[in-house]
Amino acid sequence: MTTETSLDPARTRQLANAIRALSMDAVEQANSGHPGMPMGMADVATVLWTRHLKFDAADPAWPDRDRFILSAGHGSMLIYSLLHLAGFEEVTLDEIKNFRQLGSKTPGHPEYGHTAGVEMTTGPLGQGISTAVGFALAERMMNARFGSDLVDHHTYVIASDGDLQEGISHEAISLAGHLKLNRLIVLWDDNEISIDGDTRLSESTDVLKRFEAAGWTTSRIDGHDPAAVDAALEAAKASDKPVLIACRTTIGFGAPTKAGKASSHGSPLGADEITGARAALEWSHGAFDLPADIVEEWRAAGRRSVADRAAWQDRLAASGRQSEFISSLAADMPESVAAMMANYRKELTGTRPALASRASSGETLNRLVPAWPELAGGSADLTGSNLTRAKDQTILSADDYSGRYIHFGVREHAMAACANGMSLHGGVRPYIGTFLVFADYCRPSIRLAALMRQPVTYVFTHDSIGLGEDGPTHQPVEHLASLRAMPNVRVFRPADALETAECWEAALNETGGPSVLALSRQKLPFLRNDDGSENLSAKGAYILRDGADGVFIATGSEVKIAMDAAEILEAQGHSIRVVSAPSLELFAAQSDEYRDTVLPRSMPVVAVEAAARFGWDRWIGRDGGFVGMDSFGESGPIEDLYAHFGITAERAAEEMLKRLT
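Residues numbered from 1 in each chain as written. Predicted model: local features only at pLDDT ≥ 70, side-chain atom pairs only at ≥ 80, totals over all residues. Heavy atoms only, no water.

K.L.:
Explain the overall build of the protein chain to me, and be specific about the residues and the numbers.
P.N.:
A count of helices and strands for the protein chain gives 27 helices and 20 strands. Here the C-alpha radius of gyration of the protein chain, 28 Å, is about what a compact globule of 661 residues would show, namely 26 Å. Principal axes of the C-alpha set define a box for the protein chain whose edges measure 90 × 55 × 45 Å. A separation threshold of at least 6 residues defines the contact pool for the protein chain, and within that pool the share at least 24 residues apart is 78%. Here the protein chain has roughly 23,900 Å² of accessible surface; of this, 49% comes from carbon and sulfur atoms. Here the protein chain contributes 61 positively and 88 negatively charged side chains, and the mean placements of these two sets differ by 1 Å. (Helix = DSSP H or I, 4+ residues; strand = E, 2+ residues; numbered from the N terminus. Rg over C-alpha atoms; globule rule 2.2 N^0.38 Å. Contact = heavy atoms within 4.5 Å. Areas by Shrake-Rupley, 256 points an atom, 1.4 Å probe, with all protein chains shown as cover. Lys, Arg positive; Asp, Glu negative; His and termini not counted. Charge placed at Lys NZ, Arg CZ, Asp CG, Glu CD.)

Next comes the structure, spelled out in structure tokens:
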């Protein structure tokens, strides 16, 4: 590593003042934004970026870089100032001047994939610190696989009071401490101010004791003392536990009347206040005017790890594992796995197993996990119900990070955020499991996965009233519709063992966003009669049984009901088509010609799904029929529930007959 020169507090303050100046000027010009946090945390961020953070501004994607996550994403001008000053090519001074403007590289909250150097999309409080646990976990998993010569970096987080108040952070902090993720270092902006005012309005927790109880090392420092920040970071890197550094800061540092007040949090300071701040900070330069010597010193900080990166590249080239390492970072399904899945599809058409789709999913994982080293997963204390652990899949622990199965505990919020971090870090293709009804606990992280286009796979079992006796608290009704409404999300609800394997394959072939597998508790009959040579589920919907008079379109366990209804109507002289639609999103992505072939506009359509109708009218039309749920469920045996709610072949046949006469 680069040897650091001695720290000059006065010079460090001037480097930090460049952050403060850019932040207050950009917010003022935009007439929108949050100047307080960047001004308060400028000293901490300066010490971190100039003396500790391992990165190369010329190569933002260097795999062994340290990750920096601004969990307090509202203070986005902090990271934009850092990226510009350190020499990240995309973040020019013009982009700083265009802060929060349409199409700029400097949007209101940091966005992954939009601005080089931004490791994740932040803004919803609690998400950054929780996703960081996934980053730190992936680093340890990669380290266990490839060794410290190739994987040896830290994850740094700047978090706010609000981040630590959000419930998701409690789950994530607990998990990180349990797994002893000592490469995770959180810098808490302990400024005692929230939007409403002093944090004492709503908070009296001893935060350090909370972290210590969860297995973290903690310290408290003056966040405006560069030497204290430097020493705390040096000690943190030597810890055998994750680390919280409480940085006591003044929000809006330097502002003459708004420093230390909520008024500096989320509004421009105003011209007079900025003039006063310039005087207080001894910053005699105009708006967006940066002294050349300050800029050059920052740019030198952006180059300080160039030699480290070159040495790492030499080690990678000499390791004999360069190809393996590089391929591990890709999310694409290996050709060998695709070939294995093609053979498995054909195998299923021979054995024709009748299994719950959650069990079919488990059987598919038994084949996928040994064949794909990057595939790793876990469950929120529902392993035996979700069937997410493959045979012989080793368990990850603080003593053995080589394991590829993670017991997340009853922490759905943190589990979903961790999966995002693992995916963003690279080297791991994550899947996670819980009941479909608890997708609500995962929703903020699913939304961020969709926004960041991360290929996380969610194994959501117990997908309908078909779970039976556990009752309406556990029976998802609106969840399929709500997940289908989210952009960039693919929802799969397979009807049998073959469709389940196909849906897994289609989900893992998706690299531009997350996928949901909605799986049954109850046993499903094998329905397909083809040879499995083509992945029909990848088209989203296909003709399972042909007919000329009308169309049943169904998903999951209700496809069998649609098939039985077609048989009833056939006995009455009607020719009814059955369309299985495991993924409406993939069906929508097909050509008009294919969609019209499967669902002709001239034929009446009835949909069958044990869920809410919302969203189905696109496919069945205003006059189409729907057999499903229009209320919450009940507790009782599955057979009684389907009859009680009228989700039966007889009811489906009645709905079709109304449209045939």
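Picking up where we left off.
K.L.:
Help me get a handle on the sheet that holds strand E14 (residues 515-518), residues and values and all.
P.N.:
Pairing is parallel across the open sheet formed by 6 strands, whose spatial order is E10-E9-E11-E12-E14-E13. Two strands in the sheet have a free side with no partner beyond their single neighbour: strand E10 (405-407) and strand E13 (490-492). Strand-to-strand twist across the sheet, computed as the mean angle between neighbouring axes with direction ignored, equals 20 degrees. Sheet analysis places strand E9 (residues 375-379) next to E10, joined by 3 bridges and oriented parallel. Counted as the bridge partner of Gly-378 is Ile-406 from E10. Each of E9, strand E11 (429-435), strand E12 (457-461), E13 and E14 touches helix H21 (residues 497-509); the most contacted strand, E12, lies at about 150 degrees to it. (Pairing = 2+ DSSP bridges. Axes fitted to C-alpha atoms, helices over the stretch in contact; angles between N-to-C directions.)

K.L.:
Describe the environment of Gly-36, listing the residues and the values that go with them.
P.N.:
Tracing the backbone shows Gly-36 in helix H2 (residues 36-40). A residue is classified by how much of its surface remains accessible, and Gly-36, at 0% relative accessible area, is buried. Taking the C-alpha atoms as reference, Gly-36 lies 63 Å from Thr-349; in sequence the two are 313 residues apart. (Buried < 20%, exposed > 50% of the residue type's maximum accessible area, 1.4 Å probe, protein only.)

K.L.:
Explain the packing of aromatic side chains residue by residue, including any values.
P.N.:
For the structure on display, the rule yields 15 aromatic pairs. Following the ring pairs from residue to residue traces out a cluster consisting of Trp-49, Phe-55, Phe-68 and Phe-88. (Phe/Tyr/Trp six-rings, centres within 6.5 Å; stacked < 30°, edge-to-face > 60°.)

K.L.:
Account for the state of the cysteines, naming residues and giving values.
P.N.:
Counted according to the given criterion, the structure contains 0 disulfides. Cys-418 forms no disulfide, and the closest cysteine sulfur to it belongs to Cys-442, at a distance of 11 Å. Cys-442 gets classed as buried once you look at its relative accessible area, which sits at 1%. (Disulfide = S-S within 2.5 Å.)

K.L.:
Lay out the sheet that holds strand E1 (residues 67-70) with the relevant residues and their values.
P.N.:
Spatial strand order, E1-E2-E3-E7-E6: 5 strands in an open sheet with parallel pairing. Unpaired on one side and paired on the other, E1 and strand E6 (217-222) mark the two borders of the sheet. Between one strand and the next, the sheet's axes are offset by a mean angle of 15 degrees, whatever the strand orientation. Alignment of strand E2 (residues 155-159) against strand E3 (residues 184-190), held across 5 bridges, turns out to be parallel.

K.L.:
Provide a residue-level description of the packing of helix H15 (residues 335-351) against helix H16 (residues 357-371), including the pertinent values.
P.N.:
One way to put it is that H15 packs onto H16 with a least axis distance of 10 Å and a crossing angle of 155 degrees. One element, H15, and the other, H16, form an angle in the roughly antiparallel class. Along this stretch, H15 crosses H16, giving a crossing that reads as right-handed. Where H15 abuts H16, its residues Val-337, Met-340, Met-341, Tyr-344 and Glu-347 lie against Glu-363, Thr-364, Arg-367, Leu-368 and Ala-371. Among the residues forming the contact of H15 with H16, the class breakdown is 6 nonpolar, 1 polar and 3 charged. (Parallel < 35°, antiparallel > 145°, perpendicular 65-115°, else oblique. Left-handed = near helix turned anticlockwise from the far one by under 90°. Nonpolar A, V, L, I, M, F, W, Y, C, P; charged D, E, K, R; others polar.)

K.L.:
Kindly report on the pattern of salt bridges, identifying the contributing residues and their values.
P.N.:
Oppositely charged side chains may form a pair once their charged atoms are brought near each other. Applying the stated rule across the entire model yields 45 salt bridges. Between Arg-367 and Glu-347 there is a salt bridge, with the nearest N and O atoms lying 3.2 Å from each other. Taken together, the residues span a long stretch of sequence, with Arg-367 in helix H16 and Glu-347 in helix H15 at a distance of 20 residues. Overall, the relative accessible area of 25% leaves Arg-367 in the partly exposed class. (Salt bridge = Lys/Arg side-chain N within 4 Å of Asp/Glu carboxyl O.)

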